[in-house]
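Next come the chains, spelled out residue by residue.
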Amino acid sequence: MSQRTSFYKFISEEQREHPFASGKLTGLLLEVLSACKKIAHLTGNGELANEAMGSAGSENVQGETQKKLDILSNDLFIESTEWCGYLAGMASEEMDHCRQIPAVFPRGRYLITFDPLDGSSNIDINVSVGTIFSILELPEGVEDVKDEHFLQSGAKQVCAGYCLYGTSTMLVLTTGRGVNGFTLDPSTGDFLLTMPDIKIPVDTNEYSINQSYSRHWQPPMKRYIDECLQGADGPLGKDYNMRWVASMVADVHRLLCRGGIFMYPMDQRMEAKGVGGKLRLLYEANPMSFIVEQAGGMASTGYERIMDIEPTALHQRVPVVLGSSNEVERVVGYHRQA
Ligand code: AHM
Ligand code: MG
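Residues numbered from 1 in each chain as written. Chains lettered and ligands numbered in written order. Predicted model: local features only at pLDDT ≥ 70, side-chain atom pairs only at ≥ 80, totals over all residues. Heavy atoms only, no water.

Novice: I'm lost on the nonpolar core in this one. Help?
Specialist: A general feature of soluble globular proteins is that nonpolar side chains tend to end up buried together. One finds Phe 7, Leu 29, Ile 112, Phe 133 and Ile 135 to be the most contacted residues of the largest nonpolar core, which totals 40 residues. For this core, the element with the highest residue contribution is helix α2 (residues 24–44), accounting for ten residues. With near-sequence residues (within four places) excluded, Ile 112 lies in contact with Val 32, Phe 77, Leu 87, Gly 89, Met 90, Ala 91, Phe 133, Ser 134, Ile 135 and Phe 150. If you look at the next biggest cluster of nonpolar residues, it comprises 35 residues, including Val 179, Ile 198, Phe 262 and Val 320. (Core = buried A, V, L, I, M, F, W, Y, C linked by side-chain atoms within 4.5 Å. Buried < 20%, exposed > 50% of the residue type's maximum accessible area, 1.4 Å probe, protein only. Helix = DSSP H or I, 4+ residues; strand = E, 2+ residues; numbered from the N terminus. Contact = heavy atoms within 4.5 Å.)

As structure tokens, this is what we get:
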């Protein structure tokens, strides 16, 4: 029998330490886990689930082509969580507006934002993808849930997590008391604690960015990557390694495991279109920032702390620089000097 702590035991013990905890967050998280298990099963079937592969022939609100798996994962997430009685509403990358919990189900006081299948451009080539989620509280006195109620800064998150569908399926979670990682045991269906109290090393020599866009970047980002490329012969005095999976969940997971800096900066093409970045604040940047900060790292746009941003739109985008604190601090310093 496994001696490892199950997710349920872990979260129940955490709950017991809070004298006023009601068990509602635990209840909601168990349904989120159940959604992630179903999505893991769906993505794990790969090409065998022929009818689930390929483009859905539609676009999301941001004009991106939706894959069938994006939509199936979104539906699975909704079906698995909306009935549980702990949620008032949900918002997703794949839905133009928020969804209030239908009146046939009991309504709770939590809101959830999620990206059901992040990195879905990787599905066709059997590379890791993931689900990202963030849990907020419904503001006091609100009964009718609207988009505006999700416009809360990342600092107000109650909980954030992701599930990585990689060589193994892993859930990484924070409720503001550190970060813990759980691996799905496929033989029992339990998530077991395998990475307790994750801490990101403060220093790193590994960076993660889509370098093919470098000609569009702003000067501080060009400067930083140019210095990384100079390696031990340049001002940073050390050789760097580069990794880019193009699945934020996989790239962030790597830096939680061994340090690193992940960047999806602002570029001239986004400026020309009037969008604030590539990654979405409410269901990508904020939950990842909460996790990274709780693991001792830093998360910034280059100009400000991501979790301090007061959102103005449900699908708002922001530049993202996060990971090992000394390295993020360096990039922030270059922005400040510029
Ligand atoms: P998605 O939510 O539509 O999958 O887009 C987000 C993904 C991130 O996971 C990843 O970091 C980035 O897009 C990759 O972008 P690019 O293809 O420009 O390198
Ligand atoms: Mg995404």
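Structure's up, so let's keep going.
Novice: Could you clarify how one ought to interpret the sheet that holds strand β8 (residues 169–174) in this entry?
Specialist: Strands belonging to one sheet form pairs held by backbone hydrogen bonds; the direction of such a pair is parallel or antiparallel. Across the sheet, which stays open at both edges, the eight strands sit in the order β4-β3-β5-β6-β7-β8-β9-β10 with mixed pairing between neighbours. In this open sheet, the two edge strands, each paired with only one partner strand, are β4 (99–100) and β10 (190–195). When strand β3 (residues 87–92) meets β4, the two strands line up antiparallel, connected through two bridges. The partner of Gly 89 across the bridge, within β4, is Gln 100. (Pairing = 2+ DSSP bridges.)

Novice: So what exactly am I meant to see when it comes to the domain arrangement of the protein chain here?
Specialist: Accessible area lost upon the coming together of the parts is a frequently used measure of interface size. Per the domain assignment, the segments making up the protein chain are domain 1 (7–195) and domain 2 (206–337). Inter-centroid distance (C-alpha atoms) of domain 1 to domain 2 is 24 Å. Listed as interface residues are 49 residues of domain 1 and, on the opposing side, 32 residues of domain 2. For the domain 1 and domain 2 pair, buried surface summed over both sides reaches about 2900 Å², with 64% attributable to carbon and sulfur atoms. Interface area lost by domain 1 to domain 2 is led by Ile 132, Leu 151 and Tyr 162, which between them contribute 20%. On the surface where domain 1 and domain 2 come into contact, there are one salt bridge. Residues Glu 93 and Arg 280 are paired through a salt bridge, measuring 3.4 Å at the closest nitrogen-oxygen approach. (Domains from an automatic or database assignment. Buried area = accessible area lost by both parts, 1.4 Å probe. Salt bridge = Lys/Arg side-chain N within 4 Å of Asp/Glu carboxyl O.)

Novice: Quick question: what am I supposed to make of the coordination of the magnesium ion (ligand 2) here?
Specialist: On the protein side, the magnesium ion (ligand 2) has Glu 93 (OE), Asp 115 (OD), Asp 118 (OD) and Glu 284 (OE) as donor atoms, found 1.8 to 2.8 Å from it. If you list the donors of the magnesium ion (ligand 2) from N- to C-terminus, the spacing comes out as E-x21-D-x2-D-x165-E. Placement of the pair is Glu 93 in the loop between β3 and β4 and Asp 118 in strand β5 (residues 110–118), with a sequence separation of 25 residues. The exposure class assigned to Asp 118 is buried, which follows from its relative accessible area of 6%. (Donors = N, O, S within 2.8 Å, 3.2 Å for Na, K, Ca; no water.)

Novice: Teacher, can you tell me more about the pattern of salt bridges here?
Specialist: Scanning the entire structure with this criterion turns up 19 salt bridges. For the salt bridge of Glu 206 with Arg 258, the shortest nitrogen-to-oxygen distance reads 2.9 Å. Here the residue Glu 206 occupies a position in strand β11 (residues 206–208), and Arg 258 occupies one in helix α5 (residues 248–258), the gap between them amounting to 52 residues. Under the relative-accessibility criterion, Arg 258 is labelled partly exposed at 47%. Across the pair Arg 336 and Glu 329 runs a salt bridge, and its minimum N-O distance is 3.5 Å. Arg 336 sits in the exposed class, given a relative accessible area of 61%. You can call Glu 329 partly exposed: its relative accessible area is 37%. Three or more residues are tied together by salt bridges with common partners; here these are Glu 206, Asp 251, Arg 254 and Arg 258.

Novice: Sorry, what's going on with the site of ligand 1 here?
Specialist: The environment of ligand 1 is made up of 18 residues, and the closest members are Asp 118, Gly 119, Tyr 213, Met 248 and Tyr 264. In the environment of ligand 1, an oxygen atom lies 2.8 Å from a nitrogen or oxygen atom belonging to the side chain of Asn 210. At 3.4 Å from an oxygen atom of ligand 1 is found a side-chain nitrogen or oxygen belonging to Lys 278. Burial of ligand 1 by the protein chains amounts to 88% of its free accessible area of 470 Å². Of all elements in the fold, only β5, β13 (261–264) and β14 (279–280) reach the threshold of two or more residues within the shell around ligand 1. Here the shell around ligand 1 spans two domains, and each of domain 1 (7–195) and domain 2 (206–337) adds at least three residues to it. (Near = heavy atom within 4 Å. Polar contact = N/O pair within 3.5 Å; in protein donor to acceptor, adjacent residues only side chain to side chain. Areas by Shrake-Rupley, 256 points an atom, 1.4 Å probe, with all protein chains shown as cover.)

Novice: What's the story with the sheet that holds strand β17 (residues 320–323) in this structure? I'm lost.
Specialist: Within the open sheet, the five strands sit side by side as β12-β11-β13-β17-β15. Their pairing is mixed. The strands lining the two open edges of the sheet, one partner per strand, are β12 (241–242) and β15 (298–300). Examined bridge by bridge, β13 and β17 share four bridges and lie antiparallel to one another. If you follow Phe 262 over to β17, its bridge partner there is Leu 322. Its contacts with the sheet place helix α4 (residues 219–230) against β11, β13 and β17, and it is angled at close to 140 degrees to β13. Running over the sheet, α5 touches β11, β13 and β17 and is turned about 35 degrees from β17. (Axes fitted to C-alpha atoms, helices over the stretch in contact; angles between N-to-C directions.)

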